[in-house]
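Coordinates in review
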Amino acid sequence: MAGKQHEYRVTVTWQGNMGTGTSGYREYGRDHVISADGKPDIPGSSDPAFRGDGARWNPEDLLVASLSACHKLWYLHFCAVSGVIVIAYEDHAEGTMVMDEDGAGRFTEVILKPRVTIKAGTYPQLAAELHGDAHEKCFIANSVNFPVRCEPVISEE
């Protein structure tokens, strides 16, 4: 039995032609805009290490953010159906990328570091365990070829 198929469409529009296109490595900007129908634009660039604008989102930032957001959405779902009342959630996710001498690179891991505040008396042990369930279901984590670890901190209020 085949599963449901979902499709996602985005447009990435380069904004970096400074007059001479890609006539040289330093002759073009890395800025772009990520857009999709009905959604606000995301200003993008490359990492500043690669001549990008540090005030804009780069693909590496967005990958780490996607892993964090997907995990959070599954986690909140599992808490809601398990009686764990989450009242605050903040993740300080970190990704590590290594580069080869030839310029190729890859992520070697992402560590999610969610700080979760739950209503007092709503199963702190279960709240911690549900991160494992969220990880197993996360669409993005299931799509990458590097480890995604989770180091949650649970507190009660």
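The model shown is predicted, which means the values in this text are computed figures rather than measured ones.

1. Notes on the layout of surface pockets
Its boundaries defined by the atoms lining it, the largest pocket holds a volume of some 710 Å³. Lining the largest pocket are 18 residues, with Y8, V10, K39, I42 and S66 positioned closest to its centre. Of all the secondary structure elements, the ones that give two or more residues to the lining of the largest pocket are β2 (32-35) and α1 (59-82). Ranked by residues supplied to the lining of the largest pocket, first place goes to α1 with seven residues. The residue makeup of the lining of the largest pocket, split by class, is 14 nonpolar, two polar and two charged. Of the residues that make up the lining of the largest pocket, three or more belong to each of domain 1 (11-50) and domain 2 (59-156).

2. Re the sheet that holds strand β5 (residues 94-99)
Here we have three strands laid out as an open sheet, ordered β5-β6-β8, and mixed in their pairing. Of all strands in the sheet, those bounded by a partner on one side alone are β5 and β8 (148-150). Adjacent strand axes in the sheet meet at a mean angle of 15° when their direction is disregarded. Strand direction decides the pairing type here: strand β6 (residues 105-112) and β8, joined by three bridges, are parallel. Its bridge partner lying in β8, I111 is registered against R149.

3. Some thoughts on the domain arrangement of the chain
Structurally, the chain comprises domain 1 (11-50) and domain 2 (59-156). Placing a centre on the C-alpha atoms of domain 1 and another on those of domain 2 gives a separation of 29 Å. Facing four residues of domain 1, the contacting portion of domain 2 comprises five residues. In total, domain 1 and domain 2 occlude about 310 Å² of area from one another, counting both sides; carbon and sulfur atoms represent 81% of this. Along the contact surface separating domain 1 from domain 2 lie zero salt bridges. Here domain 1 and domain 2 share zero residue pairs in polar contact (both at pLDDT 80 or more) between them. Here the side of domain 1 that touches domain 2 is built from residues that sort into two nonpolar, one polar and one charged.

4. Some words on the environment of C138
Here C138 is to be found in the loop between α2 (124-137) and β8. Linking C138 and I85, residues 53 residues apart in sequence, is a C-alpha distance of 20 Å. Each residue touching C138, except ones within four places of it in the same chain, is listed here: L67, C70, H71 and W74.

5. Structural notes on the pairing of β2
Side chains of β2 alternate between two faces, with H32 and I34 and V33 and S35 buried alike. Judged from the four bridges that link them, strand β1 (residues 11-14) and β2 form a sheet pairing that is antiparallel. The partner of T13 across the bridge, within β2, is V33. Relative to strand β3 (residues 42-44), β2 runs antiparallel, the two being bridged by three bridges. Residue pairing across strands places I34 opposite I42, the latter belonging to β3. Taking the residues between adjacent antiparallel strands as the criterion, β2 and β3 are bridged by six residues, where G38 takes a positive phi near 75°.

6. Notes on the sheet that holds β2
Here we have three strands laid out as an open sheet, ordered β1-β2-β3, and antiparallel in their pairing. What marks the edges here is a single partner per strand, and that holds for β1 and β3. On average, each strand axis in the sheet is tilted by 25° relative to the strand beside it, whichever way the strands run.

Quick notes on the rules
- Residues numbered from 1 in each chain as written.
- Predicted model: local features only at pLDDT ≥ 70, side-chain atom pairs only at ≥ 80, totals over all residues.
- Heavy atoms only, no water.
- 1 Å grid on protein atoms, 1.4 Å probe; cavity = no way out; pocket = protein on both sides within 12 Å on 5 of 7 lines; lining within 4 Å.
- Points joined across faces, edges and corners; volume = space filled by probe spheres on them.
- Helix = DSSP H or I, 4+ residues; strand = E, 2+ residues; numbered from the N terminus.
- Nonpolar A, V, L, I, M, F, W, Y, C, P; charged D, E, K, R; others polar.
- Domains from an automatic or database assignment.
- Pairing = 2+ DSSP bridges.
- Axes fitted to C-alpha atoms, helices over the stretch in contact; angles between N-to-C directions.
- Contact = heavy atoms within 4.5 Å.
- Buried area = accessible area lost by both parts, 1.4 Å probe.
- Salt bridge = Lys/Arg side-chain N within 4 Å of Asp/Glu carboxyl O.
- Polar contact = N/O pair within 3.5 Å; in protein donor to acceptor, adjacent residues only side chain to side chain.
- Buried < 20%, exposed > 50% of the residue type's maximum accessible area, 1.4 Å probe, protein only.

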